[in-house]
Amino acid sequence: MGYYNDHNEEENKRYKKHRRKTGLAGFIGAIIGALLVIFSIPFLYESCLYPGAEGAGGEEPQTISDTNESMEDIAFEEEQKNVNLSVNSDTTEAVNKVTGAVVGVFNLQQSEFWEENQDGSGANQGTGSGVIYKTEGESAFVVTNHHVIEGASQVEISLSDENRVEAEIVGSDLLTDLAVLRIDSTDVDTVAEFGNSDNINVGEPAIAIGNPLGTNLSRTVTQGIISATERSIPVDLTGNSQPDWNAEVLQTDAAINPGNSGGALVNINGQLIGINSMKIAQSTVEGIGFAIPSSVAIPVIEDLEEKGEVERPQMGITLRAISEIPSYHWQETLQLPPEVESGIFVTSVAPRTPAAEAGLQEYDVITAVDGTEIMDGHDLRRYLYNESEIGDTIEVTYFREGEQQTTELTLNAQQSF
């Protein structure tokens with residue numbers, strides 16, 4: 001019995017040892033087989049023997065989510081390309097339409113021999129920009145800023161082909177900072193088309209074209225948006241640090257630099273909606289430029305062409321819109337009834353003017369002229385300059401100490417500065 005047990009135990013040990021060897025060999029074989037399969041798949045796929053390979057009657061395995069994401073990415077990229085292409089194309093077309101009408105303006109001022117330029121011209125030279133807006137027979141007309149040609153003994157124009165021609169000053173207006181020049185039309189091939197600045201909205205594209213820093217950078221194009229319409233900017237015309245006039249301007253963030261004055265501000269259709277005029281030049285300010293709207297410029301240009309100057313009717317007041325002051329002043333200072341939410345208040349009345357003769361006083365709040373609602377200074381000037389003439393009698397509706405009143409006054413010619 002002892003022999004049998006010993007014999008069986010020995011057999012069991014050999015059997016277990018054999019099973020361990022067999023199991024280990026199988027495990028190693030499985031690992032080697034798996035590695036062979038993994039490394040052989042790319043070769044099978046390239047040879048089109050793999051069932052899902054392209055050309056083998058199968059389709060590349062792909063999840064639905066992956067397909068959707070791929071298609072969405074492609075669609076988004078195509079949409080972006082189309083949008084960018086459209087904007088770039090519209091801007092390029094607008095620039096091409098008007099850029100040939102943008103010119104350089106040279107203000108030549110006679111000086112003494114010791115102040116001669118290196119070319120011996122004996123003239124100090126200032127530069128700005130202008131826009132050809134009209135041809136008539138042998139003449140072409142250029143609009144620019146009054147301050148660009150102010151004090152000039154001679155004015156020259158640099159055309160788009162760099163040819164310089166002499167210009168005649170037809171007329172100039174200090175208040176709106178506009179001037180009209182006449183040149184020979186022989187070499188003029190592009191004329192800018194006016195657009196209606198009253199129809200533009202904040203956020204629309206705006207393109208400025210001009211000659212910043214002189215003709216070395218002629219017809220530079222910058223793009224931005226219309227930041228605000230109907231801005232009223234106080235302007236000191238007499239140098240006494242007191243505002244003499246409120247310029248009605250468009251605000252844009254398109255870069256306007258020295259030399260851009262008198263250049264074109266155009267919309268995306270290439271239409272002239274403004275004449276670049278000024279910018280706020282402070283180290284802490286960026287992207288605030290102004291242009292004279294076409295709706296203001298066109299009547300002035302027409303007067304300058306016809307008369308050489310602008311004759312304006314005046315009331316004889318300085319003013320501010322009530323929207324420009326804190327609302328608590330509406331009742332406490334101006335004593336307006338709650339229902340009055342717009343209008344202009346008189347800050348001063350010039351002596352011996354129509355307003356003084358009609359009895360208007362400081363802090364009177366004007367709400368209407370001839371029944372036309374007046375919300376701000378822009379409305380009043382538009383009515384006076386577009387709907388009235390010197391010698392007309394107008395009816396003014398105003399509030400004084402909380403009571404609505406009316407008075408009539410006869411407009412006379414505005415005093416020059």
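What you see is a predicted model; the values in this text were computed from it and never measured.

1. What about the overall build of the chain?
Thought 1: Along the chain, the regular secondary structure elements total seven helices and 20 strands.
Thought 2: Within the span of the chain, comprising 417 residues, buried residues form 39% of the whole.
Thought 3: Of the contacts made within the chain by residues no fewer than 6 positions apart, 61% connect residues no fewer than 24 positions apart.

2. Notes on the pairing of strand β12 (residues 289-293)
Thought 1: With respect to burial, β12 is a largely interior element, five of its five residues being buried.
Thought 2: As judged from the three bridges shared by strand β9 (residues 245-252) and β12, these two strands associate in the antiparallel manner. In the strand pairing of β12, L250 is matched with A291.

3. What to know about the environment of G224
Thought 1: Along the polypeptide, G224 turns up in strand β8 (residues 220-235).
Thought 2: C-alpha separation for the pair G224 and A206, spaced 18 residues apart in sequence, amounts to 5.2 Å.
Thought 3: If near-sequence neighbours (up to four positions away) are discounted, G224 is found in contact with E204, P205, A206, D253 and A254.

4. Here we look at unusual backbone geometry
Thought 1: Despite not being glycine, R352 shows a phi value in the positive range, around 55 degrees.
Thought 2: Judged by relative accessible area, R352 falls into the exposed class, the value being 72%.
Thought 3: Notably, E401 is not glycine yet its phi reads approximately 55 degrees, a positive angle.
Thought 4: Along the chain, E401 falls in the loop between β18 (393-400) and β19 (403-410).

5. Some remarks on helix α4 (residues 294-307)
Because an α-helix packs 3.6 residues into every turn, residues spaced three or four apart end up facing the same way.
Thought 1: For α4, which comprises 14 residues, the first-to-last C-alpha distance of 19 Å matches the rise-based estimate of 20 Å (1.5 Å per residue) to within 8%.
Thought 2: S294, A297, V300, I301, D303 and L304 are the residues of α4 that are buried.

6. Some thoughts on the confidence of the model for the chain
Thought 1: Across the chain, pLDDT averages 80, with 70% of residues at or above 70.
Thought 2: This model gives residues 1-6 a pLDDT under 50, and the stretch forms zero contacts once residues within four places in sequence are excluded.
Thought 3: Confidence over residues 52-68 falls short of pLDDT 50; this stretch has 16 contacts with residues more than four positions distant or in other chains.

7. Some thoughts on the side chain of D173
Thought 1: Note that D173 resides in strand β5 (residues 164-173).
Thought 2: Only 2.5 Å separates the side chain of D173 from the side chain of R312, close enough to count as a polar contact.
Thought 3: Residues contacting D173, with those up to four places away along its chain left out, are H146, L178, V300, L304, V310 and R312.

8. Regarding helix α7 (residues 377-387)
Thought 1: Taken together, the buried positions of α7 are G377, H378, L380, R381, Y383 and L384.
Thought 2: If you check the start of α7, you find a side-chain oxygen 3.0 Å away from the backbone N of D379, and it comes from D376.

9. What to know about the nonpolar core
Thought 1: Of all hydrophobic cores here, the largest spans 41 residues; its most connected members are V105, I132, I157, L181 and I183.
Thought 2: Top contributing element to this core by residue count: strand β6 (residues 178-184), with five residues.
Thought 3: Residues within four places of I183 in sequence aside, it is in contact with I132, E138, S139, A140, V142, I157, L159, V165, E166, A167 and V188.
Thought 4: By size, the runner-up hydrophobic cluster in this structure holds 19 residues, among which are I344, V346, L409 and L411.

10. Description of the packing of aromatic side chains
Thought 1: Under the defined criterion, the tally for this structure stands at two aromatic pairs.
Thought 2: Note on Y133 and F141: the rings are 6.4 Å apart at their centroids and 40 degrees apart in plane angle, and the pair reads as tilted.
Thought 3: A relative accessible area of 4% means that F141 is categorised as buried.
Thought 4: Each ring, one from Y133 and one from F194, has its centre 6.0 Å from the other, and the planes form 55 degrees; the classification is tilted. Of this pair, Y133 sits in strand β2 (residues 123-136) while F194 sits in the loop between β6 and β7 (205-210); the two residues are 61 residues apart in sequence, bridging distant segments of the chain.
Thought 5: A network of ring pairs unites the aromatic residues Y133, F141 and F194 as a single cluster.
Thought 6: Seen from the ring of F141, K134 lies directly overhead, with NZ or CZ sitting 5.3 Å from the centre.
Thought 7: Residue placement shows R164 over the ring face of F106; its charged tip is 3.7 Å from the ring centre.

11. Here we look at the pattern of salt bridges
Thought 1: For the coordinates displayed, the defined rule picks out eleven salt bridges.
Thought 2: Residue E193 pairs with K97 through a salt bridge whose shortest N-O separation is 3.4 Å. Here K97 lies in helix α2 (residues 64-98) and E193 lies in the loop between β6 and β7, a separation of 96 residues in the sequence.
Thought 3: With a relative accessible area of 37%, E193 lands in the partly exposed category.
Thought 4: Residues joined in a network through salt bridges with shared partners are K134, E136 and E305.

12. Brief notes about the pairing of β19
The two faces of a sheet get side chains in turn, since along a regular strand they alternate between them.
Thought 1: Of the pairings in the sheet, the one linking β18 to β19 comprises eight bridges and is antiparallel in character. Across the sheet, E395 pairs through a bridge with E408, a residue of β19.
Thought 2: In this structure, the hairpin formed by β18 and β19 is closed by a connection of two residues, where E401 is found at a positive phi of approximately 55 degrees.

13. Overview of a negative patch on the surface
Thought 1: On the surface, a cluster of negative charge is made up of E138, D161, D184, D187 and D189.
Thought 2: Position of D189 among the secondary structure elements: in the loop between β6 and β7.
Thought 3: What makes D189 exposed here is its relative accessible area of 64%.

Calculation notes
- In this numbering scheme, every chain counts its residues from 1 along its sequence in written order.
- Residue-level local features of this predicted model are given only where pLDDT is at least 70; pairs of side-chain atoms are given and counted only at 80 or more, and the full residue set underlies all totals for whole chains, interfaces and linings.
- Note that the side-chain values use all heavy atoms of the structure and ignore hydrogens as well as water.
- Going along the chain from the N terminus, every DSSP run of H or I of four or more residues is numbered as a helix, and every run of E of two or more is numbered as a strand.
- Any residue under 20% of the maximum accessible area for its type is buried, any over 50% is exposed, and the rest in between are partly exposed; the area is computed with a 1.4 Å probe on protein chains only.
- Whether two residues are in contact is decided by their heavy atoms, any of which lying within 4.5 Å being enough.
- Paired strands are those between which DSSP finds at least two bridges.
- Expected span of a helix: the number of residues minus one, times 1.5 Å.
- Confidence of the predictor in every single residue is expressed as pLDDT, which spans 0 to 100.
- Polar contact is the term for a pair of N or O atoms within 3.5 Å; when the atoms are in protein, one must be able to donate a hydrogen and the other to accept it, and sequence-neighboring residues count only if both atoms are side-chain atoms.
- To define a nonpolar core, start from buried Ala, Val, Leu, Ile, Met, Phe, Trp, Tyr and Cys residues and group those joined through side-chain atoms within 4.5 Å.
- Two aromatic rings, drawn from Phe, Tyr or Trp (for Trp, its six-membered ring), form a pair once their centres lie within 6.5 Å of each other, and the interplanar angle then sorts them: stacked below 30 degrees, edge-to-face above 60, tilted otherwise.
- Charge-over-ring placement is defined geometrically: NZ (Lys) or CZ (Arg) within 6 Å of the ring centre, and within 35 degrees of the ring normal.
- Should a side-chain nitrogen of Lys or Arg be within 4 Å of a carboxyl oxygen of Asp or Glu, the pair is scored as a salt bridge.
- Patch membership requires over 30% relative accessible area and the absence of a salt bridge. Like charges are linked within 9 Å, and nonpolar side chains (Val, Leu, Ile, Met, Phe, Trp, Tyr) within 5 Å.
- Using the Shrake-Rupley algorithm and a 1.4 Å probe, accessible areas are obtained, with residue cover drawn only from the displayed protein chains.
- In this tally, Lys and Arg are treated as positive and Asp and Glu as negative; His is ignored, and so are the chain termini.
- Where a charge lies is defined by one atom per residue type: Lys uses NZ, Arg uses CZ, Asp uses CG and Glu uses CD.

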